[in-house]
Amino acid sequence: MSKNDAVRVLLIIAGTRPGRLGATVAEWFTRVTAAVAVDSRARVEVADLREIGLPLLDEPEHPSTGIYQHEHTRAWSRLVADADAFVIVTPEHNHGMPAALKNALDHLSAEWACKPVSFVGYGHTSAGTRAVHMAKQVATTLRMMPTGATVALRIGDHVAEGRMLDDPARDDAARGTLRELVRLARVLRPLYRPEAGPDAEPATPDGSRPPLPGVRVRPAEASDAAELVVLQRCCWVAEAVANETFDLGPLHETGDDVRAWADDWAVWCARLEGRLVGAVRARRDGDTWEIGRLMVAPDLAGRGLGTWLLRFAERQVPAGVGTLRLHTGARSHRNIALYERSGYRRGPVRDDAVLLTKPVTAVC
Ligand SMILES: Cc1cc2nc3c(=O)[nH]c(=O)nc-3n(C[C@H](O)[C@H](O)[C@H](O)COP(=O)(O)O)c2cc1C
């Protein structure tokens, strides 16, 4: 992603009541700023908290760990992580922000950080400004960067019979707010997407984007061997339990063993803030691209990194190879399910291991 790529703005509708004004205000904001969005190459997408319907925070881990057990949190995480900037359209409830907005902010952490946020507040006497002040306090704690420009709507001055009244000065304020937001998003991009900085290297050798922000994939080096030994032991404990045997190579290999096989295989390591969090290896065997040692740190399991690493290894297949092959324990049902979801067909079981294959033509 370059500095000039489109800026993805997520406009969050915080009001959730039946008959709320929030949807009207959001529609007005997107309509009057449409030309600014085109000129500044911003794409505005609406996230309606009523439709998103997050429950009260129900994740056992602190959001700063990025470990989410529930699909509703993961979906919200993906939406927010993909955004470059936010416009929060919020009413004032009892001199504060509505509970749905606080709850939606509390659900996540790194996904918000270092990204700019603008507020469009509305209410009666104070035009939503007290709600916006409270939301700014929370937003800055999450390391978001509020724009100076905001829009404050006193309902009595701007709304009649559920419709926005004409007010060119207010429309100008909305346009100025979006301009400032987009400018800030471009400047801040190297902070919230380090891989997009002017001198930054791409996250992966083939320019693809891992599902977890900040993950970098590189070919393994000899110095990775010790961490590979630790990671594969962690990962293969589950295999030992599933297959009721400790007689599994990855549980017993030493650094020297790993360095020895790494000479014969292409090996890629995934790191997050320096920590080894995943790996995969592959090598050519005649007409076959053999993939193996797919591993993801147990605390990051279920976040798409394993599936993504498998696809990455598949894409590295050399020209002229017809089949992808991997194997796993005959009772490693989770692995088998992942491989089958990825298009592999089960083959014969040999020595308690099942062979799975997929034609190279099925790689997308
Ligand atoms: C529970 C509740 C508390 C409110 N408290 C305030 C308030 O403190 N200050 C204010 O200006 N308006 C207050 N209002 C009025 C709302 O700002 C106004 O009804 C607004 O339209 C609500 O946003 P919504 O229609 O998007 O839900 C309150 C409304 C509700 C429902």
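Residues numbered from 1 in each chain as written. Predicted model: local features only at pLDDT ≥ 70, side-chain atom pairs only at ≥ 80, totals over all residues. Heavy atoms only, no water.

Draft legend 1. Region of the structure containing the overall build of the protein chain. When helices and strands are counted, the protein chain shows 13 helices and 15 strands. Dimensions of the protein chain along its principal axes, counting C-alpha atoms only, are 75 × 40 × 35 Å. Counting contacts in the protein chain only where the partners sit at least 6 residues apart, residues at least 24 apart contribute 71% of the total. Taken as a whole, the protein chain presents about 17,800 Å² of accessible surface, with 52% of it coming from carbon and sulfur. Here the protein chain holds 46 positive side-chain charges and 46 negative ones, and the gap between their average locations is 4 Å. (Helix = DSSP H or I, 4+ residues; strand = E, 2+ residues; numbered from the N terminus. Contact = heavy atoms within 4.5 Å. Areas by Shrake-Rupley, 256 points an atom, 1.4 Å probe, with all protein chains shown as cover. Lys, Arg positive; Asp, Glu negative; His and termini not counted. Charge placed at Lys NZ, Arg CZ, Asp CG, Glu CD.)

Draft legend 2. Spatial organisation of the packing of aromatic side chains. Within this structure, the stated rule accounts for six aromatic pairs. For the pair Trp 76 and Trp 112, a centre-to-centre distance of 5.9 Å together with 70 degrees between the ring planes defines the contact as edge-to-face. Pair noted here: Trp 76 is in helix 4 (residues 71-82) and Trp 112 is in the loop between helix 5 (99-106) and strand 4 (116-123), with a separation of 36 residues, a long-range link. By the burial criterion, Trp 76 is buried, and Trp 112 matches it. (Phe/Tyr/Trp six-rings, centres within 6.5 Å; stacked < 30°, edge-to-face > 60°. Buried < 20%, exposed > 50% of the residue type's maximum accessible area, 1.4 Å probe, protein only.)

Draft legend 3. Highlighting the pairing of strand 13 (residues 323-329). Across three bridges, the pairing between strand 12 (residues 288-296) and strand 13 is parallel. Looking across to strand 13, one finds that Glu 290 is bridged to Arg 325. A crossover links strand 12 with its parallel partner strand 13, the connecting element being helix 12 (residues 305-315), and its sense is right-handed. As paired elements, strand 13 and strand 15 (residues 353-359) share seven bridges and run antiparallel to each other. Bridged to Leu 326 within strand 15 is Leu 356. (Pairing = 2+ DSSP bridges. Right-handed = clockwise from strand over helix to strand, strands pointing away.)

Draft legend 4. Representation of the UniProt feature "domain: N-acetyltransferase" (unreviewed entry) in the protein chain within the structure. Sequence positions flagged by UniProt for "domain: N-acetyltransferase" (unreviewed entry) are, in local numbering, residues 215-361. The span residues 215-361 is 35% helical and 35% strand by assignment, and the distance between its end C-alpha atoms comes to 28 Å. (UniProt positions renumbered as here; feature names shortened; annotations may be inferred.)

Draft legend 5. Molecular detail of the site of the ligand. Around the ligand, the structure places 15 residues, and the nearest of them are Arg 17, Leu 21, Asn 94, Tyr 122 and His 124. Between Tyr 122 and the ligand, the recorded distance is 2.4 Å, taken from a side-chain N or O atom to an oxygen atom. (Near = heavy atom within 4 Å. Polar contact = N/O pair within 3.5 Å; in protein donor to acceptor, adjacent residues only side chain to side chain.)

Draft legend 6. Inspection of the environment of Thr 328 at higher detail. Looking at where Thr 328 falls in the secondary structure, it is placed in strand 13. Sequence-wise, Thr 328 and Ala 262 are 66 residues apart; in three dimensions their C-alpha atoms are separated by 19 Å. Setting aside residues up to four positions removed in sequence, Thr 328 forms contacts with Glu 239, Asn 335, Ile 336, Tyr 339, Asp 352, Ala 353, Val 354 and Leu 356. A distance of 3.0 Å separates a polar atom in the side chain of Thr 328 from a polar atom in the side chain of Asn 335.

Draft legend 7. Expanded view of the domain arrangement of the protein chain. What the domain assignment lists for the protein chain is domain 1 (7-196) and domain 2 (215-362). Using only C-alpha atoms to locate each centre, domain 1 and domain 2 end up separated by 41 Å. Every contact between the two is made by seven residues of domain 1 and, on the other side, four residues of domain 2. Between domain 1 and domain 2, roughly 390 Å² of surface is buried when both sides are summed, and carbon and sulfur atoms account for 40% of that area. For the pair domain 1 and domain 2, the number of links is zero salt bridges. At the boundary of domain 1 and domain 2, one finds one residue pair in polar contact (both at pLDDT 80 or more). (Domains from an automatic or database assignment. Buried area = accessible area lost by both parts, 1.4 Å probe. Salt bridge = Lys/Arg side-chain N within 4 Å of Asp/Glu carboxyl O.)

Draft legend 8. Region of interest: the state of the cysteines. This structure, assessed with the given rule, holds zero disulfides. The cysteine Cys 269 is free of any disulfide, with Cys 235 supplying the nearest cysteine sulfur at 12 Å. When its relative accessible area of 3% is taken as the criterion, Cys 269 is described as buried. (Disulfide = S-S within 2.5 Å.)

Draft legend 9. Representation of the side chain of Gln 232. Note that Gln 232 resides in helix 9 (residues 225-243). Given the relative accessible area of 0%, Gln 232 is considered buried. Here Arg 293 takes part through its side chain, which lies 3.0 Å from a polar atom of the side chain of Gln 232. Those residues in contact with Gln 232, other than ones at most four positions away along the chain, are Pro 250, Glu 253, Val 258, Trp 261, Arg 293 and Met 295.

Draft legend 10. Main features of the sheet that holds strand 14 (residues 345-350). Reading across the sheet, the seven strands line up as 9-10-11-12-13-15-14 and stay open at both edges, with mixed pairing between neighbours. For this open sheet the edge positions go to strand 9 (215-219) and strand 14, each flanked by a neighbour on one side alone. Averaged over all pairs of adjacent strands, the angle between their axes in this sheet comes to 25 degrees, without regard to strand direction. Contacts from helix 13 (residues 333-341) reach strand 12, strand 13, strand 14 and strand 15 within the one sheet, and its direction differs from that of strand 13 by about 160 degrees. (Axes fitted to C-alpha atoms, helices over the stretch in contact; angles between N-to-C directions.)

Draft legend 11. Region of interest: helix 13. Listing the buried residues of helix 13 in full gives Ile 336, Leu 338 and Tyr 339. The buried residues of helix 13 occupy one face: seen down the axis, they fall within an arc of 160 degrees. Exposed and facing more than 90 degrees away from the buried side of helix 13 are His 333, Arg 334 and Arg 341. Residues of helix 13 that are buried sit in contact with strand 12, helix 12, strand 13, strand 14 and strand 15. (Arc of directions from axis to C-beta.)

Draft legend 12. Here's a closer look at unusual backbone geometry. A positive phi angle is found at Asn 94, which is not glycine, with a value near 50 degrees. The topology assignment puts Asn 94 in the loop between strand 3 (85-91) and helix 5. Looking at Asn 94, the relative accessible area reads 80%, which means it is exposed. Its identity as a non-glycine residue notwithstanding, Glu 244 has a phi of 55 degrees, on the positive side. You can see Glu 244 is positioned in the loop between helix 9 and helix 10 (249-252).

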